[in-house]
Amino acid sequence: MSTPQPQKVGIVGAGWVGLVTGACLAELGHDVVIRDVDETRVAALSSGEIPIYEPGLEACVRAVGSNLRFTGDLAELVEEPRVLLVCVGTPAMYSGDADMTAVHQVVAELAAAGVPEGTVIAMKSTVPVGTGSAIRKELDERGLKHVGYASNPEFLAEGTALKDFKNPDRVVVGGDDDEAIDRVVALYDGLGAPLVRTDVASAEMIKLASNAFLATRISFVNEIANVCDATGADVTEVARGMGLDKRLGPHFLKAGIGFGGSCFPKDVSALKQLAGNSGYHFQLLNAVIEVNELQKRRVIGKLTKHLGSLRGKVVTLLGLTFKPDTDDMREASSLVLASRLIAEGADVRGWDPVAVEQARALLPGVDLFEDAVAALEGVDAAVIVTEWSHIGDIPFAEVQKTMRTPLIVDGRNLLDPAELRGLGFTYEGIGRPSA
Ligand code: UGA
């Protein structure tokens, strides 16, 4: 990996994308200032506290030293020309459309602050197609014709974000101003990634379509798993056999209890609404969303198959975050599952290696544990919700003796069914044959 020509970079938003991107760009040698409106967050970051759990991030921030600074003042980002990466949230609204309030606020603030010649604004936030051209118009109307604009979507996944940044499958930059595109492309020089240099609208669509297609693969394999459940095939074997076909590839074929997180649910819905607002009914995405909703509930059927009514039964959810190696609980399957179980009359316990604190506010009525063995003592069933590697360290031979009913519903097909059945457990996976 060679290093690029250092540039001055400003990042708007010290959320997960802004922090990871800022730290990695600083590591590449760029001079990075990150601005956030949350002064408490800025103070914590300035004193070396990292408010999110992302493997390697804390060490990276420490290592880059003064190449990475934090501020609450937008004026600092426009004191001199920089590439300004917009990394603010675009959460789903009730309508399913992306909420663009924060993006438009940033543009308004930049216009008010006065942006110097030579500044390029690059959009990293995931936005509906058409946002770039609307922002270009807004910039022009607000007297910022001299400011360049590009779309530069991010493809980092939580838990592996630093690795993803350093080994990108591609860098996508869309724009209609060659100089602006060149400046953004040059940030990533030396990473050796294939470059997709394109127009703004196509760059915006590449991001939405990539996430929607990955989500489609997951819902597809989940439906295959459900048919496996009904017919006796093993979805893990099916996915292995499918994945060896080079045209299909092995990724995102892990069946389970559905996708969550801050990206897939929101982006699939945003693309569906974008299509609808443009007069096109995107039927396939409706199915992707519905399959995902129902998939989270399949656990209930598997529990009642063995336990009958769940009223008064004690069920432990192993893993509460939407995936391992993150403390993020947004759209996590645990949220739906816990409330569904409570509605069925079960007593619900939850264990997670990093997110017990976050879970307190989000899972009222769930008894939370930091120790998995204690969380499983005396219970009627364990449900694997998140495939944390820590679950492999649980001494299942001992736990089998302390559970009231030794039933495991493995919502991520993490464990070896034969091994667990050998220990005396009743094991149910998703799309794996019952014994
Ligand atoms: C996703 C994309 O993978 C990133 O490329 C993208 O940049 C990011 O969204 C974003 O838009 O910011 P992320 O949400 O962090 O990243 O997590 P993924 O690893 O993609 O997993 C998403 C969900 O799908 C998780 O709940 C995971 O458990 C589930 N999943 C994933 C499956 O159920 N099966 C699979 O085979 C893969």
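So, how was this worked out
- Residues numbered from 1 in each chain as written.
- Predicted model: local features only at pLDDT ≥ 70, side-chain atom pairs only at ≥ 80, totals over all residues.
- Heavy atoms only, no water.
- Helix = DSSP H or I, 4+ residues; strand = E, 2+ residues; numbered from the N terminus.
- Rg over C-alpha atoms; globule rule 2.2 N^0.38 Å.
- Buried < 20%, exposed > 50% of the residue type's maximum accessible area, 1.4 Å probe, protein only.
- Contact = heavy atoms within 4.5 Å.
- Areas by Shrake-Rupley, 256 points an atom, 1.4 Å probe, with all protein chains shown as cover.
- Lys, Arg positive; Asp, Glu negative; His and termini not counted.
- Charge placed at Lys NZ, Arg CZ, Asp CG, Glu CD.
- Pairing = 2+ DSSP bridges.
- Axes fitted to C-alpha atoms, helices over the stretch in contact; angles between N-to-C directions.
- Near = heavy atom within 4 Å.
- Polar contact = N/O pair within 3.5 Å; in protein donor to acceptor, adjacent residues only side chain to side chain.
- Domains from an automatic or database assignment.
- Buried area = accessible area lost by both parts, 1.4 Å probe.
- Salt bridge = Lys/Arg side-chain N within 4 Å of Asp/Glu carboxyl O.
- Nonpolar A, V, L, I, M, F, W, Y, C, P; charged D, E, K, R; others polar.
- Core = buried A, V, L, I, M, F, W, Y, C linked by side-chain atoms within 4.5 Å.
- Parallel < 35°, antiparallel > 145°, perpendicular 65-115°, else oblique.
- Left-handed = near helix turned anticlockwise from the far one by under 90°.
- Phe/Tyr/Trp six-rings, centres within 6.5 Å; stacked < 30°, edge-to-face > 60°.
- Expected span 1.5 Å × (residues − 1).

**Observations concerning the overall build of the chain**
Looking only at helices and strands, one finds 16 helices and 14 strands in the chain. Computed over its C-alpha atoms, the radius of gyration of the chain comes to 23 Å, within 12% of the 22 Å expected for a compact globule of 435 residues. Dimensions of the chain, computed from C-alpha atoms along their principal axes, come out at roughly 70 × 50 × 40 Å. Counting the 435 residues in the chain, one finds 53% classified as buried. Put simply, of all contacts in the chain between residues at least 6 apart along the chain, 72% involve residues at least 24 apart. A total of about 18600 Å² of accessible surface is found on the chain, and carbon and sulfur atoms cover 53% of it. Taking the average place of the 41 positive charges on the side chains of the chain and the average place of its 59 negative ones, the gap between the two points comes to 5 Å.

**Notes on the sheet that holds strand β10 (residues 347–351)**
One open sheet holds the six strands; their spatial order is β11-β10-β9-β12-β13-β14, and the pairing between them is parallel. The open sheet is flanked by β11 (367–369) and β14 (426–428), the only strands paired with a single partner. Taken over all neighbouring pairs, the strand axes of this sheet differ in orientation by 20° on average, direction set aside. Where strand β9 (residues 314–318) lies against strand β12 (residues 381–384), four bridges are found, and the strand directions are parallel.

**Quick look at the site of the ligand**
By nearness alone, 19 residues border the ligand, and Glu 154, Leu 156, Glu 158, Lys 207 and Asn 211 come closest of all. Residue Asn 211 places a side-chain N or O atom 2.7 Å away from an oxygen atom belonging to the ligand. In isolation the ligand has 710 Å² of accessible area, and contact with the protein removes 91% of it. Counting residues per element, the ones that place at least two in the shell around the ligand are α8 (200–231) and α10 (264–277).

**Section: the domain arrangement of the chain**
Domain annotation of the chain identifies domain 1 (8–198) and domain 2 (214–428). Taken together, the contacts link 17 residues of domain 1 with 17 residues of domain 2. Surface buried jointly by domain 1 and domain 2 totals about 1200 Å² across both partners, of which 50% is contributed by carbon and sulfur atoms. In this structure, the connection of domain 1 to domain 2 is made through zero salt bridges. Between domain 1 and domain 2 we count seven residue pairs in polar contact (both at pLDDT 80 or more) in total. Residues that form the side of domain 1 that touches domain 2 fall into these classes: ten nonpolar, five polar and two charged.

**Side note on the nonpolar core**
Leu 25, Leu 57, Leu 68 and Leu 85 are the most contacted members of the largest nonpolar core, which has 43 residues in total. Per element, the largest residue contribution to this core is eight residues, and it comes from helix α1 (residues 16–27). Apart from the residues lying within four places of it in its own chain, the contact partners of Leu 57 are Leu 19, Val 20, Ala 23, Ile 50, Ile 52 and Leu 162.

**Things to note about the packing of α10 against helix α11 (residues 283–307)**
Relative orientation of the contacting elements α10 and α11 amounts to 150°, with a least axis distance of 10 Å. The angle between α10 and α11 places the two elements in the roughly antiparallel class. Relative to α11, α10 is oriented so that their crossing is left-handed. Only Leu 285, Asn 286, Val 288 and Ile 289 of α11 make contact with α10, whose side of the interface consists of Val 268, Ser 269, Leu 271 and Lys 272. Of the residues assigned to the contact of α10 with α11, the class counts are five nonpolar, two polar and one charged.

**A closer look at the packing of α8 against helix α9 (residues 235–243)**
Viewed as axis vectors pointing N to C, α8 and α9 meet at an angle of 135°, and their least axial separation amounts to 9 Å. What the angle tells us is that α8 and α9 run oblique. The element α8 and its partner α9 pack so that their crossing is right-handed. Counted together, Phe 220, Val 221, Ile 224, Ala 225 and Cys 228 of α8 and Val 235, Val 238 and Met 242 of α9 form the full contact between these two elements.

**Here we look at the packing of aromatic side chains**
By the definition in use, this model includes five aromatic pairs. Ring centres of Phe 165 and Tyr 188 lie 6.0 Å apart, and the angle between their planes is 45°; this geometry places the pair in the tilted category. A residue pair is termed long-range when its members are at least 10 positions apart, and Phe 165 in helix α6 (residues 161–166) and Tyr 188 in the loop between α7 (178–187) and β8 (195–198) qualify at 23 residues. Measuring from centroid to centroid gives 6.2 Å for Tyr 280 and Phe 282, while their planes differ by 65°, and the two rings are edge-to-face. Tyr 280 gets classed as exposed once you look at its relative accessible area, which sits at 54%. What makes Phe 282 partly exposed here is its relative accessible area of 26%. Taken together, the ring pairs in this structure connect Phe 252, Phe 259 and Phe 264 into an aromatic cluster.

**Looking at α8**
Helix length check: α8 (32 residues) gives 47 Å between terminal C-alpha atoms against 46 Å at 1.5 Å per residue, within 8%. Positive phi appears at Gly 232, one or two residues downstream of α8, with a value of about 95°.

**A short note on the pairing of strand β2 (residues 31–35)**
Burial analysis of β2 places five of its five residues in the buried class, which makes it a mostly covered element. Side chains of β2 alternate between two faces, with Asp 31, Val 33 and Arg 35 and Val 32 and Ile 34 buried alike. Sheet topology note: the strand β1 (residues 8–12)/β2 ladder contains five bridges and is parallel. When the bridges of β2 are listed, Ile 11 appears paired with Ile 34.

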